[in-house]
Amino acid sequence: MSLFFGQIFTLLTAPPGNFIYHIVLAFSIAGALQGAIHHWRTSGFPQVRRTVIGLGILLGLQFVLFLVSGLAWQGLFDPGVALPPLDRAVSLLSLVWIAWLWAFPAPVRLADAASGLLSLLGLTLFGLTYVFNFKGATGGFNASIFETIWQVLSLAVVLLGGVGLSLRRPNGWGNGLAMLILAFLGHLATLAWPLEGDYPGFLRVGHLAMFPILLTLTQRFPSLQGKEHRKPTSTKRKAKAEESAQQERRRYSTDPKTFQSLISLAAEASSEKICNYLTRGIAQAMLADLCFLLMIDNDKNLTITCGYDLIREESLAGTTVDKDAIPLLSNAIQRGRPLRLPASSTSSDLKGLGQVLGLSNAGHLLSVPIVSHERGPLGGILILSPYSNRLWSAEDQTYLSNVAPLLLPVLERGERIAALEMERDSARLEAKSAQQEALEIKRKSEEAIKEAGTSGGKTTQSQSQGENMAALLVMQEEAQKTIAQLRSENEQLRLSGISLPDGSDQLERDLRQTLEEMARMQNSLAEANIKILELESRPTLPITSEQVEVIASISQELRQPMSSIVGYTDLLLGESVGILGALQRKFVERIKASTERIGGLADDLIQITNLDTGHMEFKPELIDLNLIIDNAMAYTSTQIREKNITLRLDIPESPPQVETDRDALQQILIHLLQNATAATQTEGTITLRVQVQEDEGKNFLSIQVADTGGGIASDDIPRVFSRRYRAEHSLIQGVGDTGVGLSIAKTLVEAQSGRIWVETEAGSGSMFSVILPVLPVEVEE
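Owing to the predicted nature of the structure, the values given are computational and were not obtained by experimental measurement.

## Some details on the overall build of the protein
Along the protein, the regular secondary structure elements total 24 helices and 14 strands. When each of the 781 residues of the protein is scored for burial, the buried share is 43%. By sequence separation, contacts in the protein at least 24 residues apart represent 72% of the contacts at least 6 residues apart. When the accessible surface of the protein is split by element, carbon and sulfur atoms take 55% of a total near 40,500 Å².

## Some words on the packing of aromatic side chains
With the rule as written, the count across this model stands at four aromatic pairs. Judged by centre distance (6.3 Å) and plane angle (45°), the ring pair of Trp193 and Phe202 falls under tilted. What makes Phe202 partly exposed here is its relative accessible area of 27%. Summarising the aromatic geometry, the rings of Phe721 and Phe768 are spaced 5.9 Å apart at their centres and angled 90° between planes, so their arrangement reads as edge-to-face. One end of the pair, Phe721, is in the loop between β12 (698-706) and α23 (723-728); the other, Phe768, is in strand β14 (residues 765-776), with 47 residues separating them in the sequence. We note that Phe721, like Phe768, is buried. Its guanidinium or amino end placed over the ring of Trp757, Arg755 lies 4.2 Å from that ring's centre, counting from NZ or CZ.

## Some points on the pattern of salt bridges
Under the counting rule described, the total for this entry stands at nine salt bridges. Residues Arg312 and Asp309 are paired through a salt bridge, measuring 2.9 Å at the closest nitrogen-oxygen approach. Exposure remark for Arg312: the relative accessible area of 51% places this residue in the exposed category. The exposure class of Asp309 is buried, given its relative accessible area of 2%. Residues Arg390 and Asp396 are paired through a salt bridge, measuring 3.2 Å at the closest nitrogen-oxygen approach. Each of the two residues, Arg390 as well as Asp396, counts as buried. What you see here is one network of salt bridges that share partners, running through Asp87, Arg88, Glu147 and Arg204.

## A few points about the packing of helix α12 (residues 327-334) against helix α13 (residues 348-357)
One can describe the packing of α12 onto α13 by two numbers: an axis separation of 7 Å at closest approach and a directional angle of 95°. It follows from the interaxial angle that α12 and α13 lie roughly perpendicular. Contacts between α12 and α13 involve Pro327, Leu328 and Leu329 from the first element and Ser348, Asp349 and Leu353 from the second. Residues that form the contact of α12 with α13 fall into these classes: four nonpolar, one polar and one charged.

## A word on the environment of Ala178
Secondary-structure assignment places Ala178 in helix α7 (residues 173-192). Along the backbone, Ala178 and Ala209 are 31 residues apart, and their C-alpha atoms lie at a distance of 10.0 Å.

## Side note on the pairing of strand β6 (residues 364-372)
When you tally the buried positions in β6, you get eight out of nine residues, the bulk of the element. The sheet contact formed by strand β5 (residues 339-341) and β6 spans three bridges and is antiparallel. Note on β6: the bridge partner recorded for Arg340 is Leu366. In this structure, β6 lies alongside strand β7 (residues 376-385), joined through nine bridges in antiparallel fashion. Counterpart to Ser372 in the pairing with β7 is Gly376.

## Concerning the environment of Pro338
Here Pro338 shows up in the loop between α12 and β5. We classify Pro338 as partly exposed; its relative accessible area is 35%. Distance from Pro338 to Ser401, taken between C-alpha atoms, is 7.7 Å for residues 63 residues apart in sequence. Ignoring sequence-local partners within four residues, the contact set of Pro338 consists of Ser367, Val368, Pro369, Gln397 and Ser401.

## Examining the nonpolar core
Ranked by internal contacts, the top residues of the largest apolar core, which has 39 residues, are Leu665, Leu672, Leu701, Ile703, Val705, Phe768 and Val770. Of all elements in the fold, only α20 (625-635), α22 (662-679), β11 (685-695), β12, α24 (740-751), β13 (755-761) and β14 reach the threshold of two or more residues within this core. Within the second largest apolar cluster, 36 residues are counted, among which are Tyr21, Ala32, Ile98 and Val157.

## Overview of the state of the cysteines
A full pass over the atoms with the stated rule returns zero disulfides. The thiol of Cys291 is not disulfide-bonded; the next cysteine sulfur, from Cys306, is found 8.3 Å away. Judged by relative accessible area, which is 0%, Cys291 ranks as buried.

## Some thoughts on a nonpolar patch on the surface
On the surface, Phe63, Val64, Leu67, Leu71 and Leu76 cluster together into a nonpolar patch covering about 470 Å² of accessible area. As for its position among the elements, Leu67 is in helix α3 (residues 46-73).

## Some words on helix α5 (residues 109-132)
A rise of 1.5 Å per residue sets the reference length of α5, with its 24 residues, at 34 Å; its end C-alpha atoms lie 35 Å apart and thus fit the reference within 8%. Listing the buried residues of α5 in full gives Ala111, Ser115, Ser119, Gly122, Leu125 and Thr129.

## Regarding the side chain of Ser385
Structurally, Ser385 can be placed in strand β7. From its side chain, Ser385 meets the backbone oxygen of Arg390 in a polar contact 2.7 Å long.

## Looking at the environment of Asp297
With respect to the element layout, Asp297 can be found in the loop between β1 (290-296) and β2 (302-309). Its relative accessible area of 29% is what places Asp297 among the partly exposed residues. Through-space distance from the C-alpha of Asp297 to that of Ala582 is 8.9 Å; in sequence the pair is 285 residues apart.

## Notes on the side chain of Gln47
Topologically, Gln47 is positioned in helix α3. Discounting chain neighbours no more than four positions away, the residues touching Gln47 are Pro105, Ala106, Phe221, Leu341 and Pro342.

## A word on the packing of helix α6 (residues 145-168) against α7
Angle between the axes and distance between the axes: these two values describe a pair of packed helices. The contact between α6 and α7 brings their axes to 9 Å, and the two run at 160°. As the angle between them shows, α6 and α7 are arranged roughly antiparallel. Relative to α7, α6 is oriented so that their crossing is left-handed. Across from Glu147, Thr148, Gln151, Val152, Ser154, Leu155, Val158, Leu159, Gly161, Gly162, Leu165 and Ser166 in α6, the residues of α7 making contact are Trp173, Gly176, Leu177, Leu180, Ala183, Phe184, His187, Leu188, Thr190 and Leu191. Looking at side-chain class alone, the contact of α6 with α7 contains 12 nonpolar, nine polar and one charged residues.

## Some details on the confidence of the model for the protein
Overall, the predicted model of the protein reaches an average pLDDT of 75, with 68% of residues at or above 70. The model gives residues 225-234 a pLDDT under 50, and that stretch makes eight contacts with residues more than four places away or in other chains. A low-confidence stretch, residues 724-728 (pLDDT under 50), is modelled with 19 contacts involving residues beyond four sequence positions or located in other chains.

Definitions and limits used
- Residues numbered from 1 in each chain as written.
- Predicted model: local features only at pLDDT ≥ 70, side-chain atom pairs only at ≥ 80, totals over all residues.
- Heavy atoms only, no water.
- Helix = DSSP H or I, 4+ residues; strand = E, 2+ residues; numbered from the N terminus.
- Buried < 20%, exposed > 50% of the residue type's maximum accessible area, 1.4 Å probe, protein only.
- Contact = heavy atoms within 4.5 Å.
- Areas by Shrake-Rupley, 256 points an atom, 1.4 Å probe, with all protein chains shown as cover.
- Phe/Tyr/Trp six-rings, centres within 6.5 Å; stacked < 30°, edge-to-face > 60°.
- Lys NZ or Arg CZ within 6 Å of the ring centre and 35° of its normal.
- Salt bridge = Lys/Arg side-chain N within 4 Å of Asp/Glu carboxyl O.
- Axes fitted to C-alpha atoms, helices over the stretch in contact; angles between N-to-C directions.
- Parallel < 35°, antiparallel > 145°, perpendicular 65-115°, else oblique.
- Nonpolar A, V, L, I, M, F, W, Y, C, P; charged D, E, K, R; others polar.
- Pairing = 2+ DSSP bridges.
- Core = buried A, V, L, I, M, F, W, Y, C linked by side-chain atoms within 4.5 Å.
- Disulfide = S-S within 2.5 Å.
- Patch = residues over 30% accessible without salt bridge, like charges linked within 9 Å, V, L, I, M, F, W, Y side chains within 5 Å.
- Expected span 1.5 Å × (residues − 1).
- Polar contact = N/O pair within 3.5 Å; in protein donor to acceptor, adjacent residues only side chain to side chain.
- Left-handed = near helix turned anticlockwise from the far one by under 90°.
- pLDDT = per-residue confidence, 0-100.

This is the structure:
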């Protein structure tokens, strides 16, 4: 028996008998490669493409070994020096790529990198073995220390591949495990019973048994085996097969003209239903279990806008998908390429979709992009078959790719309708808010008229109320701009000839009613302004302490609903209750900014009232200038960040401690920074300089805020701090404040025996300066 095995080992390790060994391995790999290429051409699966690459590497390794062996057999060089190390290197590299083929059919970056590193390790070891190998050792290369190293390393690779295969268990993993077990037995026998010579006989017997298993590699992937793929044996059978195939195709598709009619029908619905109709139509036409519409957002992430479940006959809600969880699908849609994936337990894309959609098995996948010539890829159509396990063919992909361009105008029309509806809703909200404000102003005006008719005296109260109308007039100007913008957009929609769905006439009527409501509110505001101007010319009583308390109480009541509005807008912006579109986010941010602005106006109203009535009390206390500056910067950070403004600070590293009124100083800094932020253009620069100076034994706090708002006209400089002028005239060029904030800052400064002024340079900017007396604090050592 030992003689028999000895002859077999000699036949496989010595020329010309080892020619059979090389031929069997080469033909096994070539047959598997041919089947993989054919499968790739018919299916287009990316997993099959990886199989083609891996088998190509294996065939290249065997070709190199076969070529070098043939040259050595012809006596071109000594075979005992180069061939044994090359044979071991080819065996090791073949094990690496065989394990890679069976365990990782889908792309896995870590596994791909590990396979590459192991290949480099094998090539490095080959170089070392070739350099330090010497001929003439007793027992040949099989008895050398290099042989032991190669076999131990090969066993380690087999064990790693077996563990990875057992853990992942992809389709057909049993055949791959059988190959690794045969390889393990061959290397173990070679290590345990070394033979004389240069080549491992046990290992080559194992190779002859394991490499033909590669022919089953492509069977792990599903294939379309319809009647149209079978070769008919007669003309009658051929006609019957073609008729059957045509019937099958009709079962799984719809004529494109019918589908186009379905899209036209979907386009007649409202914007909210367009997406549901589209996914439902595609699911019914393709007989897909699940159909989803994917869109690409501004961050290049995929968003599932909506979907349809054909089995349960229900619409599915949208959600966001992390692009790292679906790398192949995300890459294909962003590049505008179709994608087909067979059902697999190792595909990261199918796993990611299963987790998002709550599916244990996502089934087979087909995706086609929706591409605009102007904007590039906008999204795609995704269909899955988790219930029927239907495999999507190349015909399905071609058909759906031809349908996808028909969806583009429908989606663009839906976006325009959605934008129009959002504009309408926003206009309604703004109109309702403006109407409530107008009614409140009218009520207060009537009350003021009654009080003015029964009293006489100074006009302090009416003047203060007239001055406080500056902010309301600014809001009136913004309302006029909004009305003009809505009218312009409405006219553009008419001129563009966009075909709106049913209900567009109602939408237009709603917009017209909204414009009329805003016009009526403008008239109400104008009437209220006229009455207030009349009050200014009548003598009234000064504001009493009771009236101050009433104003403070009203302002406090305003803060409660405003806090709720801000809280709900923060909740919406956080997308914890749903995903916001770009236009929706813009409107919500506008609501939040307007609410915060109303809160600021309420605070200004209380402060102006206290200043005008003399109820403001200043309490000097020890303050930290750094903390005051930080609070003021935090208060205005949102506006600065929105306009991408650069804020430069020029303050001492360790400013001295001083005593002054904390709240008054805080308000002065905030109003100056708010004015500079509003006046400065986008990506401009604001400079804040704070210093403590001493003059004639007295200490002063110097504050300077410089902006790049373009400067103020010389005729407007005397009126910068005047509330009355700002209430009766348009905004001053180069000043961003509405008039109230700078007036408050001036009053607070002068009430503490300070001084405030402005220096400007036309075309450059302005610098507001404040000198405020403070009390120094001596630091005890």
